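Now for the letters of each chain:
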Amino acid sequence: MNRNEQIKLAAKLLMITTEQAEKYSGKIDEVSAMYFSIPEKGGGSLIIGDDGGVLYADSSVGYKRHLEAYKQGIRTPID
């Protein structure tokens, strides 16, 4: 997936606009993925890999724990 596809998917899954998804995103070079996080209490986070793999985490899961789970190959089904 390219960056624009990842942004569109994040917007759909997090139920936000593509503009918000882009604003709340960052590249994770070490795992070839994008990180999306809604910066408010109860806001979810996603890691979307260049391969299309997705891992969702709620606001109780910190970034480090989220990233470690992604590195271990844990994914969230999107269907």
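Residues numbered from 1 in each chain as written. Predicted model: local features only at pLDDT ≥ 70, side-chain atom pairs only at ≥ 80, totals over all residues. Heavy atoms only, no water.

### Quick notes on the side chain of histidine 66
We apply this condition: The numbering of helices and of strands both runs from the N terminus, where a helix is a DSSP run of H or I of at least 4 residues and a strand a run of E of at least 2. The rule is simple: take the accessible area with a 1.4 Å probe, protein chains only, and divide by the maximum for that residue type; under 20% is buried, over 50% is exposed, in between is partly exposed. In what follows, residue pairs with any heavy atoms lying within 4.5 Å of each other are defined as contacts.
Along the chain, histidine 66 falls in helix α3 (residues 63-71). Since its relative accessible area comes to 2%, histidine 66 is described here as buried. Discounting residues that sit within four places of it in the chain, histidine 66 has contacts with Tyr35, Ser45, Leu46, Ile47, Leu55, Tyr56, Ala57 and Val61.

### A short note on unusual backbone geometry
One non-glycine residue, methionine 15, lies in the positive phi region at around 55 degrees. Within the secondary structure, methionine 15 is located in the loop between α1 (3-14) and α2 (18-23). Located in the positive-phi region is serine 32, a residue other than glycine, with phi close to 50 degrees. Within the secondary structure, serine 32 is located in the loop between β1 (25-28) and β2 (33-37).

### Regarding the nonpolar core
Definition in use: Remark: nonpolar core denotes a set of buried residues (Ala, Val, Leu, Ile, Met, Phe, Trp, Tyr, Cys) joined through side-chain atoms within 4.5 Å.
Ala10, Leu14, Ile16, Ala21, Phe36, Leu46 and Ile48 are the most contacted members of the largest nonpolar core, which totals 13 residues. Those elements that place two or more of their residues in this core are α1, β2 and β3 (45-49). With five residues, the top contributor of residues to this core is α1. Aside from chain neighbours lying at most four places away, what touches isoleucine 48 is Met1, Gln6, Leu9, Ala10, Ala33, Met34, Phe36, Gly53, Val54 and Tyr70. Tyr35, Leu67, Ala69 and Tyr70 belong to the second-largest nonpolar core, a separate cluster that totals nine residues.

### Focus on the packing of aromatic side chains
Put simply, the rule reads: Centres within 6.5 Å make a pair out of two Phe, Tyr or Trp rings, where for Trp the six-membered ring is used; the pair is then stacked when the planes are under 30 degrees apart, edge-to-face when over 60, and tilted otherwise. Comment: the charge-over-ring label is applied if NZ (Lys) or CZ (Arg) is within 6 Å of the ring centre and within 35 degrees of the ring normal.
What the rule picks out here adds up to one aromatic pair. Taken together, a centroid distance of 4.8 Å and an interplanar angle of 80 degrees make the contact between tyrosine 35 and tyrosine 63 edge-to-face. Linking tyrosine 35 in strand β2 with tyrosine 63 in helix α3, this pair joins segments that are 28 residues apart in sequence. Positioned above the aromatic ring of tyrosine 70 is the side chain of arginine 75, whose terminal nitrogen or guanidinium carbon lies 3.6 Å from the ring centre.

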